[in-house]
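Okay, here's what each chain looks like letter by letter:
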Amino acid sequence: MLILYETPVGYCLFKVLDEEKLRSTENLVTSIDSSESLSQLVELHDFSKFQNVNEAVESTQKLIQSELSGKLMNFLQESVVDKKLKDSLAICDLKLGSKIQDKLGIKCIYDKQLQQLMKTIRSQITSIVGDVSPNEMRTMSRGLSHSLSRHKLKFSPEKVDTMVVQAISLLSDMEKELNIYSMRVKEWYGWHFPELVDLIDDHILYSRIVNFVGVRNNIPKLDLKEFFQNLDTYEEGNEEDVNDTIEQIRSVAKVSMGTEISEDDIMNIQYLASQVVSMAEGRQQLLDYLKNRMTAIAPNLTSLVGEIVGAKLIAKAGSLISLAKHPASTIQILGAEKALFRALKTDHDTPKYGLIYHASLVGQATPKNRGRISRILAAKCALAIRVDSLGEDPDNSLGIRVREIVERKVRQFEERGDYHTNRKVRNSQGGFRNQNIDEEMRNKFKSAYNEENDFDMRRNNSKRDYQNRNNYNDDENNFKKRRFNNRK
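Residues numbered from 1 in each chain as written. Predicted model: local features only at pLDDT ≥ 70, side-chain atom pairs only at ≥ 80, totals over all residues. Heavy atoms only, no water.

- For the protein, the name recorded in an unreviewed UniProt entry is Nucleolar protein, with Anaeramoeba flamelloides as its organism.
- What the UniProt record of the protein gives under Sequence similarities (unreviewed entry) is the line "Belongs to the NOP5/NOP56 family."
- The heading Subcellular location (unreviewed entry) in the UniProt record of the protein holds the text "Nucleus, Nucleolus". (UniProt positions renumbered as here; feature names shortened; annotations may be inferred.)

Have a look at this one:
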């Protein structure tokens, strides 16, 4: 019997000297505790050393994937097949053994007793393999582990997901910082020109105006129309609105109640405003990058919920593969863990949605239908995520088709209103068909419902009157009995 054993230095082929002792010993790990006792059981038949670290990494990577490398195939061909050995080959991997048996015709075996023997060989490997020193074995093992880690990191399928997770995290941080800086600009510049806050609602536009105008006394001298026309958000159809805004800014600047500020103050305010503008531009660039990444990684999920919500779901799960393992019920409330556990602890209703609430399809629905739409959308998202993560070269065709289905569901729920729109009514042939209830039928239902309520109210009133009348008669009889007894 031959034993195939791989080391960081190379491949070893051992020959079992005493198979009866191997089968009769129950625990080889405790019985064989020295190199002398192990040498009586096995001996080194052949050894093939790796030439460099790259060859070792390639061979180890093939072994991890249960594949037969060229180095191992040549080694077994020269050591076993060419020498016409008929011994069976003991291995650690059944899949690798089946491939060796198919390609080289070597019979491979695998059992628990051989696994114990391999553990014993591992503990005494430096003493059995005489061509390799312990220091060389230790150095090669460390170098192989580092190279293999770098190889896994380089070709990791989750590496692209990491970029999306980092991008959406940075986007959230930038939005927080942008809001803080924008409010600081408005508060700081508001001491000098407080009326501008009521005229300009957009934070970025406000910062651009502050950076362009400076002191409010410069407004009559500057061409604000050219400034608005150079903006990216300017549209030719909004010229009247732009002119009205410019006139309001100029008229308010003449009678402003703000205080006067020095040149150093306005210089620092403009520096902060320029930081807000540059941060907004970086945020837009990051959004474009995230959109391209999400379109390449998860096209179907992006078509369903958008790149922002899709990236947040991936970041919450950790990776696209981890998100694909989640059921639809978990995807629906992903991001609302605190509310879920608080509801379970206090015995209240559990949340209906988490991060998926920010999807446009859920926002289109009315508040009473958002729970239903989020449940339907989560089920479709689970399907789209699995196609994106496990499919071969997926496109967004599934996401577009499923989105149309969800949009049709949204329209059905909105048209349904308080009554069911699809009721089965009998047609002339005796079958059933679906018919939408129009306003006249709805009014009939409402009137019938009101009549039924009126009837119930009258019935309850009559019962109450009858009960009161009986109570009055009982009280009168009791009074007569008491008066009669008093007379006695």
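Alright, that's what it looks like, and here's the rest.
**Quick word on the overall build of the protein**
Argument step 1. A count of helices and strands for the protein gives 24 helices and 7 strands.
Argument step 2. A burial count over the protein gives 36% of its 488 residues as buried.
Argument step 3. Counting contacts in the protein only where the partners sit at least 6 residues apart, residues at least 24 apart contribute 64% of the total.
Argument step 4. Carbon together with sulfur atoms contributes 48% to the accessible area of the protein, which is approximately 30500 Å² in total. (Helix = DSSP H or I, 4+ residues; strand = E, 2+ residues; numbered from the N terminus. Buried < 20%, exposed > 50% of the residue type's maximum accessible area, 1.4 Å probe, protein only. Contact = heavy atoms within 4.5 Å. Areas by Shrake-Rupley, 256 points an atom, 1.4 Å probe, with all protein chains shown as cover.)

**Quick look at the pattern of salt bridges**
Argument step 1. Counted under the stated rule, the structure contains 9 salt bridges.
Argument step 2. As a salt-bridge pair, Glu55 and Lys71 come within 3.6 Å of each other at their nearest N and O atoms. Separated by 16 residues along the polypeptide, Glu55 in helix α4 (residues 53-64) and Lys71 in helix α5 (residues 70-81) bring together distant segments of the chain.
Argument step 3. The class of Lys71 is buried, set by a relative accessible area of 19%.
Argument step 4. For Arg283, the salt bridge identified is with Glu175, shortest N-O distance 3.5 Å. Placement of Arg283 in helix α15 (residues 263-297) and of Glu175 in helix α10 (residues 159-190) is noted, with a sequence separation of 108 residues between them. (Salt bridge = Lys/Arg side-chain N within 4 Å of Asp/Glu carboxyl O.)

**Digging into the pairing of strand β1 (residues 2-6)**
Argument step 1. Along β1, 4 of the 5 residues are buried, which leaves the element largely enclosed by surrounding structure.
Argument step 2. Here 5 bridges tie β1 to strand β2 (residues 10-16), and the two strands are oriented antiparallel to one another. Note on β2: the bridge partner recorded for Leu2 is Lys15.
Argument step 3. Counted between consecutive antiparallel strands, the loop separating β1 from β2 contains 3 residues. (Pairing = 2+ DSSP bridges.)

**With respect to a negative patch on the surface**
Argument step 1. On the surface, a cluster of negative charge is contributed by Glu239, Glu240, Asp241, Asp244 and Glu247.
Argument step 2. Mapped onto the elements, Glu240 comes out in helix α14 (residues 239-254).
Argument step 3. Under the relative-accessibility criterion, Glu240 is labelled exposed at 63%. (Patch = residues over 30% accessible without salt bridge, like charges linked within 9 Å, V, L, I, M, F, W, Y side chains within 5 Å. Lys, Arg positive; Asp, Glu negative; His and termini not counted. Charge placed at Lys NZ, Arg CZ, Asp CG, Glu CD.)

**Details of the sheet that holds strand β4 (residues 89-90)**
Argument step 1. One open sheet accounts for 5 strands, arranged β3-β2-β1-β4-β5; its pairing is mixed. At either margin of the open sheet sits one strand with a lone partner, and together these are β3 (42-49) and β5 (108-109).
Argument step 2. Inspection of the sheet shows β4 paired to β5 by 2 bridges, in the parallel sense. In the strand pairing of β5, Ala90 is matched with Ile109.

**Topic: the nonpolar core**
Argument step 1. Counting 72 residues, the largest nonpolar core has Tyr189, Phe228, Leu323 and Leu377 as its most contacted members.
Argument step 2. Counting residues per element, this core draws most heavily on α15, which supplies 12 residues. (Core = buried A, V, L, I, M, F, W, Y, C linked by side-chain atoms within 4.5 Å.)

**Remarks on the packing of α15 against helix α17 (residues 307-317)**
Argument step 1. For the pair α15 and α17, interaxial distance at closest approach is 10 Å and the crossing angle is 70°. One finds that α15 runs roughly perpendicular with respect to α17. For the pair formed by α15 and α17, the contact residues are Leu287, Leu290, Lys291 and Met294 on the first element and Glu307, Ile308, Gly310, Ala311 and Ile314 on the second.
Argument step 2. Here the contact of α15 with α17 is composed, by residue class, of 6 nonpolar, 1 polar and 2 charged. (Axes fitted to C-alpha atoms, helices over the stretch in contact; angles between N-to-C directions. Parallel < 35°, antiparallel > 145°, perpendicular 65-115°, else oblique. Nonpolar A, V, L, I, M, F, W, Y, C, P; charged D, E, K, R; others polar.)

**Some details on the packing of aromatic side chains**
Argument step 1. What the rule picks out here adds up to 7 aromatic pairs.
Argument step 2. Here the aromatic rings of Tyr189 and Phe193 are separated by 6.5 Å at their centres, their planes lie at 65°, and the arrangement is edge-to-face. The exposure classification of Tyr189 matches that of Phe193, with both residues buried.
Argument step 3. Measuring from ring centre to ring centre gives 4.9 Å for Tyr353 and Tyr357, while their planes differ by 35°; the resulting arrangement is tilted.
Argument step 4. On the basis of relative accessibility, which here comes to 32%, the residue Tyr357 falls in the partly exposed class.
Argument step 5. Ring pairs connect the aromatic residues Tyr11, Phe50 and Phe75, which therefore count as one cluster. (Phe/Tyr/Trp six-rings, centres within 6.5 Å; stacked < 30°, edge-to-face > 60°.)

**A few points about helix α12 (residues 203-213)**
Argument step 1. All of the buried residues along α12 are Ile204, Leu205, Tyr206, Ser207, Ile209, Val210 and Val213.
Argument step 2. Gly214, located one to two residues past α12, shows a positive phi value of around 80°.

**Re the side chain of Ser256**
Argument step 1. Turning to its location among the elements, Ser256 is positioned in the loop between α14 and α15.
Argument step 2. The residues contacting Ser256, other than those within four sequence positions of it, are His192, Phe193, Pro194, Glu195 and Arg216.

**Notes on the environment of Ser34**
Argument step 1. Relative to the assigned elements, Ser34 resides in the loop between α2 (28-31) and α3 (35-39).
Argument step 2. With a relative accessible area of 24%, Ser34 lands in the partly exposed category.
Argument step 3. In this structure the C-alpha to C-alpha distance between Ser34 and Ser127, which are 93 residues apart in sequence, comes to 9.5 Å.

**A short note on the side chain of Asn369**
Argument step 1. By the element assignment, Asn369 lies in the loop between α21 (360-364) and α22 (370-390).
Argument step 2. Sequence-distant contacts of Asn369, defined by excluding residues within four places in its chain, comprise Phe413 and Glu414.

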